[in-house]
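Examination of the molecular architecture
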Amino acid sequence: MTQINCDTKSEVISTFHGHPVFECATCSAVIALQDELISKSFSGRDGRGYLMHSAINIKAGRREDRPLLTGVHTVEDVYCKGCNERLGWKYVKASDNSQKYKEGKFLLEREKLVKNNSWTLDS
């Protein structure tokens, strides 16, 4: 695993109380609102992935051109601020016009996330 900034756990923000979210499977930091989900039909490095409009509590790695299933894209790996776990990547630029819709979006690996529906039981 690549280390990015030693201690960023203090930078993790808690928000979206009572809303369904995706959390980091390692440290439980909130990563995205479930409402930000665009598609579950994407592939990450380690299996299935979610295409998301936005993400929080992440930091970006080095920008690079990466050959993916749909062509070469300029991407930045994204890491959890709470534990430095690599969660996926951000699409920065797509070379093919049919893939431009991905620019600025996040591919988050399903196995790196936990779905928290924020359900409460009435007593």
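Thresholds, definitions, all that
Residues numbered from 1 in each chain as written. Predicted model: local features only at pLDDT ≥ 70, side-chain atom pairs only at ≥ 80, totals over all residues. Heavy atoms only, no water. Pairing = 2+ DSSP bridges. Helix = DSSP H or I, 4+ residues; strand = E, 2+ residues; numbered from the N terminus. Axes fitted to C-alpha atoms, helices over the stretch in contact; angles between N-to-C directions. Disulfide = S-S within 2.5 Å. Buried < 20%, exposed > 50% of the residue type's maximum accessible area, 1.4 Å probe, protein only.

1. A look at the sheet that holds strand β6 (residues 71–80)
- Here six strands make up an open sheet; going across it, the order is β3-β4-β8-β7-β6-β5 and the pairing antiparallel. Either end of the sheet is taken by a strand with one partner, and the two such strands are β3 (37–44) and β5 (58–68). Ignoring strand direction, the axes of neighbouring strands in this sheet form an average angle of 30 degrees.
- In this structure, β5 lies alongside β6, joined through nine bridges in antiparallel fashion. By the bridge assignment, Leu68 is partnered in β6 with Gly71.

2. Considerations on the state of the cysteines
- Using the criterion set out here, one finds zero disulfides in the structure.
- Unpaired in this structure, Cys24 has its nearest cysteine sulfur neighbour in Cys83, at a distance of 3.6 Å.
- In this structure Cys24 comes out as buried when scored by relative accessible area, which is 1%.
- Cys27 takes part in no disulfide bond, and the closest cysteine sulfur to it belongs to Cys80, at a distance of 3.5 Å.
- Residue class for Cys27 comes out partly exposed when judged on its relative accessible area of 26%.

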